[in-house]
Amino acid sequence: MKNDILNLVNMEPLAEIKGFKVRPGMYEMNGATAIRGGVNFTVSSTNATSCELCLFKRRESKPYAVIKIPEEYKIGNTYSIIVFDLDIEDFEYAFRLDGPYDFERGLIFDKKKYLLDPYAKAVTGQSIWGEPVKSNGYKARVVRNDFDWGSFANPKIKMEDLIIYELHVRGFTKDESSGLTEEERGTFEGLRKKIPYLKELGINAVELMPIFEFDETRDKRVVDDVTLLDYWGYNPVSFFAPNTSYASKIEYNKEGNELKNLIKELKENGIEVFLDVVFNHTAEGNENGTYISFKGFDNNVYYMLTPEGFYYNFSGCGNTLNCNHPVVQELIRECLRYWVINYRIDGFRFDLATILGRNDDGSPISQPPLLKSLAFDPILANVKLIAEAWDAGGLYQVGSFPSWNRWSEWNGRYRDDIRSFLKGDPGKAYMASNRITGSTDLYDEHYRGSNASVNFITCHDGFTLNDLYSYNSKHNEKNGWKNTDGSNDNLSWNCGEEGETDDPKVNALRRRMIWNACTVLMMSRGIPMFLAGDEFRNTQFGNNNAYCQDNIISWLDWNLLQENKDTFNFFKKVIKFRKMNTVVRKNNGYCSLGFPPVSTHGVLPFANQYDGSTKYIGVMYAGKDNKKISKDEIIYMGVNTYWEEIDVLLPKLSGDYVWKVIIDTYEDKGYVEKSNTYLTENLCVIRERSVMVMKAVKKSEV
């Protein structure tokens, strides 16, 4: 491949087709690539009998040229051609393939259809948000990859040090309350303008909900005079191309530069960038869906099909990618490499990742070749790989996802057990203590360790943290499905009244519950992740499935940042506390007081025989201070989910140490480190439905 590129300077046309000078192309260079003197086009199809390259003027529906790639330019299943004297700014392109039609065998070639290049780096046809693609389909552009990254290096933050912030690029700044210009709102540039805010909050990784080109208009409909779209973006059209409607300006042939500017500045501020990637299905849907790309290139290769030719639907979205077919494996691996090399991406969260471990008949594979190849890929060696370890077909692999000690998981059991315990459900203390201390029942401490668990209480799918303690039931009526969509099992609690209220006692309790959740999350072993806006109590008004709401239901209301500044400040300080205390994040040597690195407690020290009525758990971390290895670092968290205060006896410290109160969610400011509150005789009163954090300090420092 390298030699081929070096020899480009000596390459001359060998033929002419319809006035275009051509020659056989570079077969290992998938997609369309600008080279010296022209453009190289390479596509593959197992079953096609012919391939045509169609060239269009910008925004034109009919091609100005159709070049049939000669049969002698085909090697194996790959068509490759170099077309000389093309200016990439003058054209858009698509393909047409001919081949057999046999529905039961999954062969549905149609030589009249324009097909989007599966390896397209920029997609045209839907650059204006909410406007559907024209009837002649999507086309691609050739991207000029000349972005100057300078000399900066990736932050390379260790897994245990991550604090992940999940956000939707459009919804993060789309509302007028974001304070940005109309052009900036809802774009990559808008997010870039909020980097000082992210830095102040203290997170060090953003997880961007899907930014690959997707069709938000696929299920466009109007409910009660409100236009609903496929807002979240979990229906990809192209895996290599950024969503052009997320750019504040048109970027002809430089698509992605605004995103690269965003990524570069995030990294310069110590914030890594993860992408939420959707390789389990595409926007083409089932046999009644659209015909965009993969169906036309090789329907029975790219998709899992039943013996009758219909689509398996383990994604719940109409089709399922055949991820462990070698051709699809190559596409996914090359895609991830492309984003790491050209966009400097630090990590990927794989939507419905168990699909990536299914065979072509849908059955689970014990050691899926795709997952294994990604785990050991040298280009991806420093990239974080995070699996949503379940799918819509019922395969649930939290704790058992094939990992090779490389894959981490969204820990859905952490979410459920912590939600349940915090709201006071009986019989949940043991599981909650296990989740807080690293879910060792799910992840072998010596093999996978606590870095396998991405802990979260909220994410895009479900209630916001504010709504978790404001609603007993979902309120999805505005989605148009008569409130039948979305989960009914939310493990939520409205604290006494459903929805908004003026009752000061209810509002005080809700704030405390939110602070409790924040504290427990940040004090848990594993990688914490929370949803953008939770830090200032953003609400979706009880909607727990806001996938279609492109409005204030899904957009962040930045006015709430001022209204709930106390909660923002609480998040900020608890995040900082986690960062400053290594023993919360990992085992860090042995404590001179003889305490184990991690221990659980009841109202008496080390009394952790929890039963069905237990409403209190204590967790203690002990080890050496990361900065002063001669100094001990001992931190204790007490969680009281009972409706009355509880007297707790803390582990006894030696004569040189006393317990200092760091966090008390019952207090108005929550974070009380500067109040100089110290405990005598190790006795502590933890008030109703509250969380306290204590740190051992030397008496000489008091």
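Right, let's walk through the structure included here.

Reading across the sheet, the 6 strands line up as S24-S25-S26-S31-S28-S29 and stay open at both edges, with antiparallel pairing between neighbours. Here the strands that pair on one side only, and so sit at the sheet edges, are strand S24 (598-601) and strand S29 (678-679). Two strands pair when backbone bridges link them, and strand S28 (residues 657-664) and S29 are joined in this way by 2 bridges, in the antiparallel orientation. Bridged to tryptophan 659 within S29 is leucine 679. Its contacts with the sheet place helix H10 (residues 429-436) against S24, strand S25 (616-624) and strand S26 (632-640), and it is angled at close to 25 degrees to S25.

Pairing within the closed barrel is parallel, and its 8 strands lie in the order S14-S15-S18-S19-S20-S21-S22-S23. Along the sheet, successive strands turn relative to each other by an average axial angle of 25 degrees, direction set aside. Sheet topology places strand S19 (residues 347-350) next to strand S20 (residues 384-387); 4 bridges connect them, and they run parallel. Bridge pairing in S20 links glycine 347 to lysine 384. Across the face of the sheet, helix H8 (residues 369-376) comes into contact with S19, S20 and strand S21 (407-410) while running at roughly 115 degrees to S21.

Let's shift gears to the side chain of arginine 512. In this structure, arginine 512 sits in helix H12 (residues 504-522). Nearest to the buried, unbridged arginine 512 among oppositely charged side chains is glutamate 688, at 5.0 Å.

The next point concerns the state of the cysteines. Should the sulfur atoms of two cysteines be covalently bonded, the bond is a disulfide. Taken as a whole and assessed by the stated rule, the structure comprises 0 disulfides. Between cysteine 495, a cysteine without a disulfide, and cysteine 518, which holds the nearest cysteine sulfur, the sulfur-to-sulfur distance is 16 Å.

Let us now look at the layout of surface pockets. Rolled over the atoms, a probe sized like a water molecule indicates the empty space that remains. Empty space within the largest pocket amounts to approximately 1000 Å³. Looking at the lining of the largest pocket, the element that brings in the most residues is helix H9 (residues 412-422), giving 4 residues. Residues that form the lining of the largest pocket fall into these classes: 11 nonpolar, 11 polar and 11 charged.

We now examine the environment of asparagine 269. Here asparagine 269 is to be found in the loop between helix H5 (257-268) and strand S18 (272-277). On the basis of relative accessible area, asparagine 269 is assigned to the partly exposed category, the value being 23%. Residues within four places of asparagine 269 in sequence aside, it is in contact with Ile195 and Lys199.

Orientation of H9 relative to H10, taken along the N-to-C sense of each, is 130 degrees, at an axis distance of 9 Å. Classified by the interaxial angle, the pair formed by H9 and H10 is oblique. Like other packed secondary-structure pairs, H9 and H10 cross with a definite hand, here left-handed. Across from Arg413, Tyr414, Asp417, Ile418 and Phe421 in H9, the residues of H10 making contact are Ala429, Met431, Ala432, Arg435 and Ile436. Across the contact of H9 with H10, the residue classes break down as 7 nonpolar, no polar and 3 charged.

At a closest axis distance of 9 Å, the pairing of helix H6 (residues 294-302) and helix H7 (residues 326-343) adopts a crossing angle of 120 degrees. Between H6 and H7, the angle falls in the class oblique. Facing Phe294, Val301 and Tyr302 of H6, the residues of H7 in contact are Val327, Val328 and Leu331. When its residues are assigned to classes, the contact of H6 with H7 shows 6 nonpolar, no polar and no charged.

Together, Val603, Leu604, Leu649 and Leu683 make up a nonpolar patch on the protein surface, roughly 320 Å² of accessible area in all. Under the relative-accessibility criterion, valine 603 is labelled partly exposed at 37%.

Before going further, it helps to examine the packing of aromatic side chains. The description of two aromatic rings rests on the distance between their centres and on the angle between their planes. As enumerated under the stated definition, the model contains 44 aromatic pairs in all. Pairing phenylalanine 279 with phenylalanine 350 gives two aromatic rings, centres 6.3 Å apart and planes at 40 degrees, and the pair type is tilted. Linking phenylalanine 279 in the loop between S18 and H6 with phenylalanine 350 in strand S19, this pair joins segments that are 71 residues apart in sequence. One exposure class covers both phenylalanine 279 and phenylalanine 350, and it is buried. With 5.6 Å between their ring centres and 75 degrees between their planes, tyrosine 303 and tyrosine 311 make a pair best called edge-to-face. Tyrosine 311 matches tyrosine 303 in its accessibility class, with the two residues each being buried.

This part takes up the environment of aspartate 351. With respect to the helices, strands and loops of the structure, aspartate 351 is situated in the loop between S19 and H8. Spatially, the C-alpha atom of aspartate 351 lies 7.1 Å from that of asparagine 280, the residues being 71 residues apart in sequence. If we skip the residues at most four places from it in the chain, aspartate 351 touches Tyr234, Asp276, Val277, Val278, Asn280 and Glu388. Side chain to side chain, aspartate 351 and arginine 349 meet in a polar contact 3.1 Å long.

Analysis parameters
- Residues numbered from 1 in each chain as written.
- Predicted model: local features only at pLDDT ≥ 70, side-chain atom pairs only at ≥ 80, totals over all residues.
- Heavy atoms only, no water.
- Pairing = 2+ DSSP bridges.
- Helix = DSSP H or I, 4+ residues; strand = E, 2+ residues; numbered from the N terminus.
- Contact = heavy atoms within 4.5 Å.
- Axes fitted to C-alpha atoms, helices over the stretch in contact; angles between N-to-C directions.
- Buried < 20%, exposed > 50% of the residue type's maximum accessible area, 1.4 Å probe, protein only.
- Lys, Arg positive; Asp, Glu negative; His and termini not counted.
- Salt bridge = Lys/Arg side-chain N within 4 Å of Asp/Glu carboxyl O.
- Disulfide = S-S within 2.5 Å.
- 1 Å grid on protein atoms, 1.4 Å probe; cavity = no way out; pocket = protein on both sides within 12 Å on 5 of 7 lines; lining within 4 Å.
- Points joined across faces, edges and corners; volume = space filled by probe spheres on them.
- Nonpolar A, V, L, I, M, F, W, Y, C, P; charged D, E, K, R; others polar.
- Parallel < 35°, antiparallel > 145°, perpendicular 65-115°, else oblique.
- Left-handed = near helix turned anticlockwise from the far one by under 90°.
- Patch = residues over 30% accessible without salt bridge, like charges linked within 9 Å, V, L, I, M, F, W, Y side chains within 5 Å.
- Areas by Shrake-Rupley, 256 points an atom, 1.4 Å probe, with all protein chains shown as cover.
- Phe/Tyr/Trp six-rings, centres within 6.5 Å; stacked < 30°, edge-to-face > 60°.
- Polar contact = N/O pair within 3.5 Å; in protein donor to acceptor, adjacent residues only side chain to side chain.

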